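Residues per chain, in single letters:
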Amino acid sequence: VQLQAYGGGLVQAGGSLRLSCAASGRALRSYGMGWFRRSPGEEREFVADIGESGGSTTYAASVKGRFTISRDNAKNTVYLQMNSLKPEDTAVYYCASQPYVNRVGVRESRAYIYWGQGTQVTVSS
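Residues numbered from 1 in each chain as written. Predicted model: local features only at pLDDT ≥ 70, side-chain atom pairs only at ≥ 80, totals over all residues. Heavy atoms only, no water.

Trainee: Is there a simple way to think about the side chain of Gln-98 in this case?
Mentor: Examined against the element boundaries, Gln-98 turns out to sit in strand β9 (residues 91-98). Within polar-contact distance, the side chain of Gln-98 engages the backbone nitrogen of Tyr-100 at 2.8 Å. Of the polar contacts made by the side chain of Gln-98, one reaches the backbone oxygen of Arg-103; its length is 3.1 Å. (Helix = DSSP H or I, 4+ residues; strand = E, 2+ residues; numbered from the N terminus. Polar contact = N/O pair within 3.5 Å; in protein donor to acceptor, adjacent residues only side chain to side chain.)

Pasting the structure below:
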């Protein structure tokens, strides 16, 4: 599976962005999907994940209520809608896929087997 994340950019605090992660090579519906982010000087951290069907999601406490993960298996794409953005959301955002059936809340990055290249999100104050 090849993953490509896009949709990042520069936005003012309080603004919104929607990230997309397009998959090719294999149907995305076979995988749970997650979003992670890495800020300069920090370790990569879990943001959100979603089960294969899209019926179950989990979020990091720092983004819950502001971010929404969703997926369209017909389009082989996963999304991350980010609202009420804060400067501390500035990071490179990565999408990734994990092979566990009917599992969400998979917060460890080592559980993910395919990764996109990352897209930069910068939130100005």
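From this point, the discussion proceeds with the structure in view.
Trainee: In this structure, what is going on with the pairing of strand β7 (residues 67-72)? I would like to understand it.
Mentor: On a regular strand, each side chain points to the face opposite its neighbour's, so the side chains alternate between the two faces of the sheet. Of the two faces of β7, the one lined by Phe-67, Ile-69 and Arg-71 is fully buried and the one lined by Thr-68, Ser-70 and Asp-72 carries no buried residue. Two elements, β7 and strand β8 (residues 77-82), share six bridges in a ladder whose sense is antiparallel. In the strand pairing of β8, Thr-68 is matched with Gln-81. Counting the residues between successive antiparallel strands, the hairpin from β7 to β8 contains four residues, one of them, Asn-76, with a positive phi of roughly 55°. (Buried < 20%, exposed > 50% of the residue type's maximum accessible area, 1.4 Å probe, protein only. Pairing = 2+ DSSP bridges.)

Trainee: Teacher, can you tell me more about the environment of Phe-36 here?
Mentor: Within the secondary structure, Phe-36 is located in strand β4 (residues 32-38). You can call Phe-36 buried: its relative accessible area is 1%. The sequence separation of Phe-36 and Lys-64 amounts to 28 residues, and the corresponding C-alpha distance is 14 Å.

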